[in-house]
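Next come the chains, spelled out residue by residue.
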Amino acid sequence: MTTVLPTALKQYADEAAWLLLIRAPRLGPGRITTILETFHTPLEFIQANRKQQAATGVAAATLDYLQAPEWERVEQDLQWLQQPENALVPLTDDRYPLLLRDIADPPAALFVRGDSSHLSRLQLAIVGSRNPTATGRETAQEFARYLTGAGLVVTSGLAAGIDGAAHSGALATGGPTIAVVGTGLDRVYPAEHHELAHRIADQGALVSEFPLGTQPFPGNFPKRNRLISGMSLGTLVVEATPRSGSLITARLAGEQGREVFAIPGSIHNPLARGCHALIRQGAKLVETAADIIEELGPLAGFSPESAATSTSGGTRHELDSDYQTLLEHLDFSPTSIDTLVDRSGLTVETVSSMLLLLELQGYVSSAAGGLYTRAGAESRLLAD
């Protein structure tokens, strides 16, 4: 006995077959890959007889389900897919991320809301604490802005804290960002990111391997994390405690043969300890976004110089008065933050934050001992 498609679904036979396998119980990505090696398409598999299906090692519970599927759920999925911004991208689709195909357990298909063409672009994951410091949040935003300007797509998990800051930073440049979520795409988690999720769908893409209706079960998020790292050339951890889920993403990135980057912090900041642990384990310490571009350049085909050029586009002449004041007090010889505080009258916190932004945009350069100097881009600005 074979699985019989309802008449109403026959015009969507291929997609319906994919959706049926995704929803089938006890049928993980690895088993679906085995099925495809034997039958080439899900439709061929569901139209085979039970004995032929069983030969692929599929569990009896799965075979029972295929004899009496929940077609109403598949119909709901198909209705969702009729919306122009929604798509199902199976493993065999050209839009499926090439890097994700290479991991040990790639999902059989991805549900996408937004522009699925972004999935095939070079990506850099940015992850971190759900309760970051203000500096950590700003750092994630500024790194995301720089990396997006350099031509990378910033990928993260839509979580509160660093994830949301990274997405927001990428969107602020007018570029795309990808959010990989641990629920079905018919819901947003956390709810506070409802508006952010819509902006990502409009400007980038929301991605999930989970079918519609999937709730935010705790076990979904480690699975989600393997996609974040698996789609990306590397993973940057901004702030994290030693038991943070972000370290799971970093560990997965290492296991997948991807680069791992970590931003160091104060020894007195508990949120820096996870990053310090990663650095001790071999993650690359980064102080500026240009460090990442320099490391990934041979893989991605760009350089820090081209990144600086691509991020300049009209923003270097739009600094507000406080930034201009700080630049006026900055020498071409190494200058300390304390000296800049004395000269500018600004607070230590403000100067530190402003220097980070100015460095990311190429106005200043950091030197040994926590000192800063004017950079070439800043000299050109003063000459204009």
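See above for the structure.
How each quantity is defined
Residues numbered from 1 in each chain as written. Predicted model: local features only at pLDDT ≥ 70, side-chain atom pairs only at ≥ 80, totals over all residues. Heavy atoms only, no water. Helix = DSSP H or I, 4+ residues; strand = E, 2+ residues; numbered from the N terminus. Buried < 20%, exposed > 50% of the residue type's maximum accessible area, 1.4 Å probe, protein only. Contact = heavy atoms within 4.5 Å. Areas by Shrake-Rupley, 256 points an atom, 1.4 Å probe, with all protein chains shown as cover. Axes fitted to C-alpha atoms, helices over the stretch in contact; angles between N-to-C directions. Parallel < 35°, antiparallel > 145°, perpendicular 65-115°, else oblique. Left-handed = near helix turned anticlockwise from the far one by under 90°. Nonpolar A, V, L, I, M, F, W, Y, C, P; charged D, E, K, R; others polar. Salt bridge = Lys/Arg side-chain N within 4 Å of Asp/Glu carboxyl O. Core = buried A, V, L, I, M, F, W, Y, C linked by side-chain atoms within 4.5 Å. Pairing = 2+ DSSP bridges.

Asks: Now, about the overall build of the protein chain: what can you tell me, with residues and values included?
Replies: When its secondary structure is counted, the protein chain shows 19 helices and twelve strands. Burial analysis of the protein chain (384 residues in total) assigns 54% to the buried set. A fraction of 70% describes how many contacts in the protein chain between residues 6 or more apart in sequence connect residues 24 or more apart. Per element, the accessible surface of the protein chain, about 16900 Å² overall, is 50% carbon and sulfur.

Asks: Tell me about the packing of helix α1 (residues 13–23) against helix α6 (residues 71–81), and name the residues and values.
Replies: In contact at an axis separation of 10 Å, α1 and α6 are set at 125 degrees when each is read in the N-to-C sense. In this view, α1 runs oblique relative to α6, as classed from their interaxial angle. Of the two possible hands of crossing, α1 and α6 adopt the one that is right-handed. Contacts from Glu 15, Ala 16, Leu 19, Leu 20 and Arg 23 of α1 reach α6 at Trp 71, Arg 73, Val 74, Asp 77, Leu 78 and Leu 81. Looking at the contact of α1 with α6 residue by residue, the class counts come to seven nonpolar, no polar and four charged.

Asks: If you had to explain the pattern of salt bridges to someone new, which residues and values would you point to?
Replies: Enumeration according to the criterion identifies twelve salt bridges in this entry. Measuring nitrogen to oxygen at the nearest pair gives 2.8 Å for the salt bridge that ties Arg 23 to Asp 77. Here Arg 23, found in helix α1, pairs with Asp 77, found in helix α6; they are 54 residues apart in sequence, far enough to count as distant. Asp 77 matches Arg 23 in its accessibility class, with the two residues each being buried.

Asks: Talk me through unusual backbone geometry; I want residue IDs and the actual numbers.
Replies: The omega torsion of the bond from Tyr 189 to Pro 190 falls at 0 degrees, within 30 degrees of zero and hence cis. For Pro 190, the location among the structural elements is in the loop between β5 (177–180) and α10 (194–203). Look at His 40: it is not a glycine, yet its phi comes out positive at around 75 degrees. Within the secondary structure, His 40 is located in the loop between α2 (29–39) and α3 (42–46). Backbone geometry places Leu 158, a non-glycine residue, at a positive phi of 65 degrees. Inspection of the secondary structure puts Leu 158 in the loop between β4 (153–156) and α9 (162–172). By relative accessible area, which is 2% here, Leu 158 ends up buried.

Asks: How would you summarise the nonpolar core if you had to cite specific residues and measurements?
Replies: Membership of the largest hydrophobic core comes to 44 residues, with the highest contact counts inside it found for Phe 45, Val 74 and Leu 88. Going through the elements one at a time, α1, α2, α3, α5 (60–67), α6, β2 (109–114) and α10 are the ones with two or more residues in this core. With near-sequence residues (within four places) excluded, Leu 88 lies in contact with Trp 18, Leu 19, Ile 22, Leu 81, Arg 95, Ala 109, Leu 110 and Phe 111. Judged by nonpolar contacts, the second largest core, of 28 residues, contains Tyr 96, Val 112, Val 207 and Ile 228.

Asks: Explain the sheet that holds strand β11 (residues 364–367) to me, using residue names and the numbers behind them.
Replies: Spatially, three strands are ordered β10-β12-β11 in an open sheet, and the strand pairing comes out antiparallel. Edge strands, defined here as strands with exactly one partner in the open sheet, are β10 (335–336) and β11. By the bridge criterion, four bridges tie β11 to strand β12 (residues 371–374) in an arrangement that is antiparallel. The partner of Ala 367 across the bridge, within β12, is Leu 371.

Asks: I'd love a proper account of the environment of Leu 371, names of residues and values included.
Replies: Position of Leu 371 among the secondary structure elements: in strand β12. Taking the relative accessible area as the measure of exposure, Leu 371 reaches 25% and is therefore partly exposed. Put simply, Leu 371 and Asp 338 are 33 residues apart on the chain and 9.7 Å apart in space, counted from C-alpha to C-alpha. Contact partners of Leu 371, with chain neighbours within four places excluded, come to Pro 334, Thr 335, Ser 336, Ser 365 and Ser 366.

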